[in-house]
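The lines below spell out each chain.
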Amino acid sequence: MEMPVPKPGVLARKPELVTRLRAVLPHDAVIDAPEEVKAYECDALTAYRCAPLLAVLPASTEEVSAVLKICHDMGVPVVPRGAGTSLAGGSLPTADSVILGVARLREVLEVNYPDRYIRVQTGMTNLSVTGAVESDGFFYAPDPSSQLACAISGNIAMNSGGAHCLKYGVTTNNLLGVTMVMADGEVVEIGGAEMEAAGLDLLGLICGSEGQLGVVTEATLRILPKPEGARPVLMGFDSNEVAGACVADIIRSGLIPVAIEFMDRPIIRATEAFAKAGYPECEALLIVEVEGSEQEIADQLARIIGIAERHNPVEIRESQSADESARIWLGRKSAFGAMGQMGDYICLDGTIPVGELPNVLKRIGELGEEYGHMVGNVFHAGDGNMHPLILFNANEPGQLASAEALGAEILKLCVDVGGCLTGEHGVGVEKRDLMTHQFAPADLEAQMAVKDVFDPKWLLNPAKVFPLHVSDSRRADG
Amino acid sequence: MSILAARNAGYFEERDRLADQIRAGGPFLCCGQGTSRIGLADGVALSAPGEAWDYDPSALTLTVAAGVPLETVEAVLASENQRLAFEPPDMRGLLGRAGAPSIGGVLAGNLSGPRRVGVGACRDFCLGVEFIDGRGQVVKNGGRVMKNVTGLDLVKLMAGSHGTLGLITEVSLKVAPIPEMSATLMIEGLGEAEAVQALSTALGTPFDVTGAAHLREDGAGGASRTLIRLEGFENSLRYRMGALQEALKRFGDSDILWDATANAGIWQAIRDVSRFHAAGGDVWRVSVKPSEAAALVQALDPLDVIYDWGGNRLWLLTEAGSDLRAKMAATGTKAHATLIRASDATKRRLGVFHSDNPVTARLAAGLRQKFDPDQKFNRGMMG
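Since the model is a prediction, treat every value here as computed from it, not as a measurement.

> Help me understand the overall build of chain A, please; the structure alone is not making it clear to me.
In terms of regular secondary structure, chain A is built from 18 helices and 18 strands. Taking 2.2 N^0.38 as the reference for a compact globule, 478 residues should give roughly 23 Å; the C-alpha atoms of chain A span a radius of gyration of 23 Å, in line with that estimate. Taking all 478 residues of chain A together, the buried fraction comes to 63%. In chain A, 72% of the contacts between residues at least 6 apart in sequence involve partners at least 24 apart. Here chain A carries 37 positive and 65 negative side-chain charges, and the mean point of each set is 3 Å from the other.

> Where do I start with the overall build of chain B in this structure?
For chain B, the helix and strand inventory stands at 13 helices and 17 strands. In summary, chain B has a C-alpha radius of gyration of 21 Å against a globular reference of 21 Å for 383 residues, a match within 12%. Projected onto the principal axes, the alpha-carbon positions of chain B cover approximately 65 × 50 × 35 Å. Looking at the 383 residues of chain B, the share that counts as buried comes to 61%. Restricting the contact set of chain B to residue pairs at least 6 apart, pairs at least 24 apart contribute 71%. Accessible surface, chain B as shown: approximately 13,700 Å² in total, 48% of it carbon and sulfur. For chain B, the distance from the average position of its 41 positive side-chain charges to the average position of its 43 negative side-chain charges is 6 Å.

> Is there a simple way to explain unusual backbone geometry in this structure?
The phi angle of most residues is negative, glycine excepted, and most peptide bonds adopt the trans form. The amide bond that connects glycine 26 of chain B to the next residue, proline 27 of chain B, takes the cis arrangement and shows omega of -5°. Within the fold, proline 27 of chain B resides in the loop between helix H1 (9–24) and strand S1 (28–30). For asparagine 461 of chain A, which is not glycine, the phi dihedral falls at a positive 40°. Checked against the element boundaries, asparagine 461 of chain A lands in the loop between helix H17 (441–454) and helix H18 (468–477).

> I'm lost on the sheet that holds strand S16 (residues 344–347) of chain A in this one. Help?
Note on sheets: strands pair through backbone hydrogen bonds, and any given pair is parallel or antiparallel. All names here are of chain A. Reading across the sheet, the 7 strands line up as S15-S12-S14-S13-S17-S18-S16 and stay open at both edges, with antiparallel pairing between neighbours. Looking at strand neighbours, the two that pair on one side only are strand S15 (315–318) and S16, the edges of this open sheet. On average, each strand axis in the sheet is inclined to that of its neighbour by 15°, with strand direction left out of account. Alignment of strand S17 (residues 375–380) against strand S18 (residues 388–392), held across 3 bridges, turns out to be antiparallel. By the bridge assignment, asparagine 377 is partnered in S18 with proline 388. Across the sheet, helix H11 (residues 294–309) touches strand S12 (230–237), strand S14 (284–291) and S15, and the angle it forms with S12 is around 10°.

> So what exactly am I meant to see when it comes to the pattern of salt bridges here?
Where side chains of opposite charge bring their charged atoms close, a pairing between them can arise. This model, assessed by the stated rule, comprises 54 salt bridges over all chains. Here arginine 231 of chain A ties to glutamate 318 of chain A by a salt bridge, and the two come within 3.4 Å at their closest N and O atoms. Of this pair, arginine 231 of chain A sits in strand S12 while glutamate 318 of chain A sits in strand S15, and the two are 87 residues apart along the sequence. The partly exposed category is assigned to glutamate 318 of chain A, whose relative accessible area is 24%. Here arginine 229 of chain B makes a salt bridge to glutamate 87 of chain B, at a shortest N to O gap of 2.8 Å.

> Before we go on, may I ask you to explain the domain arrangement of chain A in this structure?
As a measure of interface size, the accessible area lost when the parts come together is often cited. Residues and elements named next belong to chain A. On domain assignment, one finds that chain A holds domain 1 (8–101), domain 2 (108–225), domain 3 (230–335), domain 4 (343–416) and domain 5 (432–477). The distance between the C-alpha centroids of domain 3 and domain 4 comes to 22 Å. Tallying the contact residues gives 13 residues for domain 3 and 13 residues for domain 4. Summing both partners gives a buried area of about 1,200 Å² for domain 3 against domain 4, and 68% of it is carried by carbon and sulfur. Applying the counting criterion to the domain 3 and domain 4 interface returns 0 salt bridges. Linking domain 3 with domain 4 are 4 residue pairs in polar contact (both at pLDDT 80 or more), by the criterion used here. Within the residue set of the side of domain 3 that touches domain 4, elements represented by two or more residues are helix H9 (240–252), strand S13 (259–264) and helix H10 (265–275).

> I would appreciate a short explanation of helix H8 (residues 234–247) of chain B in the present structure.
An α-helical turn contains 3.6 residues, so any two residues separated by three or four positions project in the same direction. Taking 1.5 Å per residue as the helical rise, H8 of chain B with its 14 residues ought to reach 20 Å, and the 20 Å between its terminal C-alpha atoms agrees with that figure. Turning to H8 of chain B, its buried residues are Ser236, Leu237, Arg240, Met241, Ala243 and Leu244 of chain B. Buried residues belonging to H8 of chain B abut H11 of chain A together with strand S10 (181–188), helix H7 (192–203), strand S12 (225–232) and strand S13 (255–257) of chain B.

> Would you mind showing me how to read the packing of aromatic side chains here?
Here a ring pair, both rings aromatic, is described through the centre-centre distance and the interplanar angle of the planes. What the rule picks out here adds up to 8 aromatic pairs over all chains. Taken together, a centroid distance of 5.7 Å and an interplanar angle of 50° make the contact between tryptophan 458 of chain A and phenylalanine 466 of chain A tilted. A relative accessible area of 1% places phenylalanine 466 of chain A in the buried class. Taken together, a centroid distance of 6.4 Å and an interplanar angle of 85° make the contact between phenylalanine 207 of chain B and tyrosine 239 of chain B edge-to-face. With phenylalanine 207 of chain B in the loop between H7 and strand S11 (209–215) and tyrosine 239 of chain B in helix H8, this pair connects stretches of sequence that are 32 residues apart. Directly above the aromatic system of tryptophan 458 of chain A lies the positively charged group of lysine 451 of chain A, at a separation of 5.1 Å from the ring centroid. Taking NZ or CZ as reference, arginine 238 of chain B lies 4.4 Å from the ring centre of tryptophan 258 of chain B, over its face.

> Any chance you could explain the UniProt feature "domain: FAD-binding PCMH-type" (unreviewed entry) in chain A here in plain terms?
Look at the UniProt record and you will see "domain: FAD-binding PCMH-type" (unreviewed entry) annotated at residues 48–226 of chain A. Along residues 48–226 of chain A the backbone is 21% helical and 25% strand, and the end-to-end C-alpha distance reaches 40 Å.

> Explain the sheet that holds strand S8 (residues 175–181) of chain A to me, please; I cannot follow it from the model alone.
Residue and element names in this part refer to chain A. Spatially, 5 strands are ordered S5-S6-S10-S8-S9 in an open sheet, and the strand pairing comes out antiparallel. Looking at strand neighbours, the two that pair on one side only are strand S5 (108–112) and strand S9 (187–191), the edges of this open sheet. Within the sheet, the average angular offset between the axes of one strand and its neighbour, ignoring direction, is 10°. Sheet topology places S5 next to strand S6 (residues 117–121); 4 bridges connect them, and they run antiparallel. When the bridges of S6 are listed, asparagine 112 appears paired with tyrosine 117.

> Help me understand the interface of chain A and chain B, please; the structure alone is not making it clear to me.
Chain A puts 88 residues into the contact, and the matching count from chain B is 75 residues. Of all residues in chain A, the largest losses of buried area upon contact with chain B belong to Met195, Glu196 and Leu200 of chain A, amounting jointly to 13% of the total for that side. Where chain A touches chain B, the interface holds 12 salt bridges. We note a salt bridge from aspartate 208 of chain B to lysine 167 of chain A, for which the minimum N-O separation is 3.4 Å.

> I would appreciate a short explanation of the environment of proline 441 of chain A in the present structure.
Note that proline 441 of chain A resides in helix H17. Taking the C-alpha atoms as reference points, proline 441 of chain A and valine 470 of chain A, separated by 29 residues in sequence, lie 8.4 Å from one another.

> It is not clear to me how the pairing of strand S17 (residues 336–341) of chain B should be interpreted in this structure. Could you clarify?
Working note: regular strand, side chains alternate between the two faces of the sheet. All names here are of chain B. Summarising burial for S17: 6 of the 6 residues are buried, a large majority. In this sheet, S17 lies alongside strand S14 (residues 282–287) in antiparallel orientation, the contact comprising 5 bridges. Bridge pairing links arginine 285 to threonine 338 in S17.

> Help me understand the packing of H7 of chain B against helix H10 (residues 290–300) of chain B, please; the structure alone is not making it clear to me.
The geometry of a pair of packed helices is captured by two quantities: the angle between their axes and the separation between those axes. Residues and elements named next belong to chain B. Relative orientation of the contacting elements H7 and H10 amounts to 165°, with a least axis distance of 9 Å. Of the possible angle classes, the one that applies to H7 and H10 is roughly antiparallel. In the crossing of H7 with H10, the sense of the turn from one axis to the other is right-handed. Contact residues: Glu192, Ala193, Val196 and Ser200 in H7; Pro290, Ala294 and Val297 in H10. Residue composition of the contact of H7 with H10, grouped by class: 5 nonpolar, 1 polar and 1 charged.

> Any chance you could explain the side chain of arginine 229 of chain B here in plain terms?
Residue and element names in this part refer to chain B. Here arginine 229 lies in strand S12. There is a polar contact of 2.9 Å between the side chain of arginine 229 and the backbone oxygen of threonine 210. When residues no more than four places from it in sequence are discounted, the contact partners of arginine 229 are Glu87, Pro114, Arg115, Ser182, Ala183, Thr184, Asp208, Val209, Thr210, Gly211 and Trp267.

> Even after reading the chapter, I still don't get the domain arrangement of chain B, so can you show me in this structure?
All names here are of chain B. Domain boundaries assigned for chain B yield domain 1 (9–177), domain 2 (181–271) and domain 3 (274–350). Counting from both sides, the interface comprises 11 residues of domain 1 and, opposite them, 15 residues of domain 3. Summed over both sides, the interface of domain 1 with domain 3 buries roughly 1,100 Å², with 68% coming from carbon and sulfur. Interface area lost by domain 1 to domain 3 is led by Ile38, Leu40 and Leu94, which between them contribute 52%. Connecting domain 1 to domain 3 are 0 salt bridges. Where domain 1 packs against domain 3, one counts 5 residue pairs in polar contact (both at pLDDT 80 or more). Among the secondary structure elements, those contributing two or more residues to the side of domain 1 that touches domain 3 are helix H3 (92–95) and helix H5 (116–119). Here the element with the most residues in the side of domain 1 that touches domain 3 is H3; it accounts for 3 residues. Its residues assigned to classes, the side of domain 1 that touches domain 3 comprises 7 nonpolar, 3 polar and 1 charged.

Rules used throughout
Residues numbered from 1 in each chain as written. Chains lettered and ligands numbered in written order. Predicted model: local features only at pLDDT ≥ 70, side-chain atom pairs only at ≥ 80, totals over all residues. Heavy atoms only, no water. Helix = DSSP H or I, 4+ residues; strand = E, 2+ residues; numbered from the N terminus. Rg over C-alpha atoms; globule rule 2.2 N^0.38 Å. Buried < 20%, exposed > 50% of the residue type's maximum accessible area, 1.4 Å probe, protein only. Contact = heavy atoms within 4.5 Å. Lys, Arg positive; Asp, Glu negative; His and termini not counted. Charge placed at Lys NZ, Arg CZ, Asp CG, Glu CD. Areas by Shrake-Rupley, 256 points an atom, 1.4 Å probe, with all protein chains shown as cover. Pairing = 2+ DSSP bridges. Axes fitted to C-alpha atoms, helices over the stretch in contact; angles between N-to-C directions. Salt bridge = Lys/Arg side-chain N within 4 Å of Asp/Glu carboxyl O. Domains from an automatic or database assignment. Buried area = accessible area lost by both parts, 1.4 Å probe. Polar contact = N/O pair within 3.5 Å; in protein donor to acceptor, adjacent residues only side chain to side chain. Expected span 1.5 Å × (residues − 1). Phe/Tyr/Trp six-rings, centres within 6.5 Å; stacked < 30°, edge-to-face > 60°. Lys NZ or Arg CZ within 6 Å of the ring centre and 35° of its normal. UniProt positions renumbered as here; feature names shortened; annotations may be inferred. Parallel < 35°, antiparallel > 145°, perpendicular 65-115°, else oblique. Left-handed = near helix turned anticlockwise from the far one by under 90°. Nonpolar A, V, L, I, M, F, W, Y, C, P; charged D, E, K, R; others polar.

Written out as structure tokens, the structure is:
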């Protein structure tokens, strides 16, 4: 992975930077010892590592502002970091950067049930937001699979989704307002508890901007009343094509399942060996979950099963109890762990038009054979968000590179059939150099023009999103 | 790569002709047929390409040239038993305009109706756009898939930009199946604070409310009406309506309207602000926290009011020329107001859009400068 050459002027001024930061932050909030900053050398994309110059852990918007003012003044790049769970290298440091961690921003600021929102500091984990309101019957809908660990700041930066976004939408559909600190330290409030922007929709621009536009320290999030109940049905098919056709029919029927998950044969085998969920032996499995009262759930599942039966399913297993629901989800939830048992893996998240599912799965299988890697597919089928897991052996020279090359081929395939490089993980450094496959120069120019407005010196989250050769001249100006 | 250009030579040619025109001239007025234009601007009117389509009903996605009439889009979707879930309003009656609203205009105004409270706004259903910027460059963002976080989200930026950043030429939208049935729970005679509480209570249940509005008593002596809409399969709808009545018991007796035509009429009237069509005076749209809505309305003392989105959106009818924002400022509210209908002189004097945040104003100006450096599009439209 090519990264920019560290600025020698910044490296040389580290002592001055530390002194200035210590003047505005508590002593233990500035981490400068080389053995301690090493903890921030990577996120969940562990193949790439680079220790930052130092790390800071501010505990308030004012402290974040003070840090950014100093860094802006000294021309120091800043890498915002949530919980470090990015699969795309969204918070990979550069050697001349300051990691700005939000781990100490963990307060619930306001809960408002009549107006159905919660205002939090963004270092809170995704699940703890739901935790703050669930005893009163509410929840925060976006549910990335890392929700136990991932921070709201990272969810906003990546516009995170999850298994249940088919019904509830992703982060951008559940974000009402932010307090953001700009690259130069200025604090701005955008949006609020209202449902409509007063002018241009800057909030929509900020959500998913991968730390390129500012550091979000507080967020107003929409909370929703918890459904009365939920129950899944498991359905096995003897080909990916048939399972794909069944998904299309369910979507067209007017039903709105909260989740439609798809697993292909390699994943079914791996999870059976690992978790013994008791899945049927077949080519493709769907898990479809619906919500509502007991009677509504029964009605919806009956409709879904009716649709599935027209596609000659190998097996249909309707959950009748919480225990059976848990068993149905067990394999799906262990899929990543199961693949992890078999070796190292890369997880991609390209999205495709749902009609292309069978074709793309077939082509992924062929590409996997060509490159000599096993690829399992487990994904959110309702919205075409693929998750190919490419197995490789990190200890064998050349394997990572060939798995990455295969991954790039698969993502290009997603784009070529009318989809995109990333549906929920973000571009980060991982897909940065593929951006020119999806976007024409004028498309990227327009996106970079937005960054020019928010971060004219290009100091925030360097070397992410935009290919280096495309952003060269702008970064040189910084 | 444009989705439509690949398969529609006509779209491709029309778009490139527009790009040439934009490079060569200006200033331009980008507002389709002008049926929902609220800001003031002058210039040579540009019309986005029409006719090109790419509709995949089984994927619930639609890509269409921005100049295609909304009515055509809705008819084609209806033939597949689908619709635009965000219920775009028809602003012609309120603004006194003629012409056929285009789908691009809906996106440019981020126009959403009562269902927004349950399912999201127009911008939440926008998957992709193509537009021509002020230098005549064709720019594409987003795509036609439901989940897409690739690069910065200019789709949301374009939605609600009122044609100030570029001429939108192509839009991709997520569409939704039309539910089997729709019904409305109605409580009569509630005061406004109590009505908003009833709406909040309903929106706090898990029964998937897709409309939550309150109307004052009408001129003919009819009582005030608090209206809550549910939609879905019949069995489910009957169950949820019963449960909702139970949840709202403390607000008094309620009736359920099951008739499809009556339901459609009620919500279309709220969507299009029909109540104010013939009434004299200015019309403001106010965005406010529901729990503060009734007190704010009391302080502003309008001639009439419609509460939509559970009280989050208010339509206020006021004396012509009165400065609602000055009254709002006196209350210390964080709510903001858009001047939808007034004389040009009043709009010039008071401004159409609310702007009291210097940082966001600066950012918005910076974005306009980047996308339209020579101010060719809708000069002065958003201030």
